[in-house]
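Here is how the chains run, residue by residue.
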Amino acid sequence: WKWDYAETESFRGYFDAEVTELADGLGKLAISGDYESADVSQQYTGTTHFICDGGYYATSQEITATTTAGGEVTTYTTETSYSEPVVTMPASLSMADTWTAEYSYTTRSGEQSYSGYYSEQYTVTDSTSMEVKAGIFPVFELTCVQTTSGSNITRYSYVAQDVGNVAGQTYELAAFNP
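From a predicted model like this one, the values you see are computed outputs, not experimental measurements.

Caption draft 1: Geometry of the nonpolar core. Judged by nonpolar contacts, the single largest core of 20 residues is most densely connected at Met130, Val132, Phe137, Val139, Val166 and Leu173. In this structure valine 139 touches Asp126, Ser127, Thr128, Met130, Tyr158, Val159, Ala160 and Val166, once residues within four positions along its chain are discounted. Core analysis: the next-biggest nonpolar cluster, separate from the first, contains 17 residues, Val87, Tyr118, Leu142 and Val159 among them.

Take a look at the structure:
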């Protein structure tokens, strides 16, 4: 499976994801991207390890990124492990479904290490049809309230059954190859 995402008006860049391994319910998702804003650009690659059993559960992630800001270039690698597998997407969705992805994590970058707590409360708020660069999809609108470091951020995304993320506030699906 491979997903390619393209920019929207508020985001200049791209990112993609591809399942590179899947056996006995365990998998690896390769991710990469390139984006820029007025004074910052970033290129990254990484791998998310997951369990595919009644949904999509992230278990760990490694990312290498190069960021350019104000003429200064910084390259770093992070390794993140979760206290338990995190349900990021149930196997099926229905109107008014809710679920929470809560976890504590440890991220290592070079000699530095930090831990934290993260929570995402998802609610299916609408069912509609959406046209993006990759085609027209029946989608569920998800409202997600993220809590980290004591602050809440609300974001919206659109998910199609058997496809995954179709669009968000800064991206849309440009190509999908199951």
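Caption draft 2: Representation of the packing of aromatic side chains within the structure. Inspection of every chain in the model, using the stated rule, returns 10 aromatic pairs. On the basis of an interplanar angle of 80° and a centroid distance of 4.7 Å, the ring pair of tyrosine 82 and tyrosine 103 is categorised as edge-to-face. Of the two residues, tyrosine 82 sits in strand β6 (residues 72-90) while tyrosine 103 sits in strand β7 (residues 98-109), which places them 21 residues apart along the sequence. When its relative accessible area of 18% is taken as the criterion, tyrosine 82 is described as buried. According to the relative accessible area criterion, tyrosine 103 is buried, its value standing at 12%. When the ring of tryptophan 99 is compared with that of tyrosine 122, the centres are 4.8 Å apart and the planes differ by 10°; the resulting orientation is stacked. Placement of tryptophan 99 in strand β7 and of tyrosine 122 in strand β8 (residues 112-132) is noted, with a sequence separation of 23 residues between them. Across the pair, tyrosine 122 and tryptophan 99 agree in class, each one buried. Of the aromatic side chains, those joined through ring pairs into one cluster are Trp1, Trp3 and Phe176.

Rules of the game
Residues numbered from 1 in each chain as written. Predicted model: local features only at pLDDT ≥ 70, side-chain atom pairs only at ≥ 80, totals over all residues. Heavy atoms only, no water. Core = buried A, V, L, I, M, F, W, Y, C linked by side-chain atoms within 4.5 Å. Buried < 20%, exposed > 50% of the residue type's maximum accessible area, 1.4 Å probe, protein only. Contact = heavy atoms within 4.5 Å. Phe/Tyr/Trp six-rings, centres within 6.5 Å; stacked < 30°, edge-to-face > 60°. Helix = DSSP H or I, 4+ residues; strand = E, 2+ residues; numbered from the N terminus.

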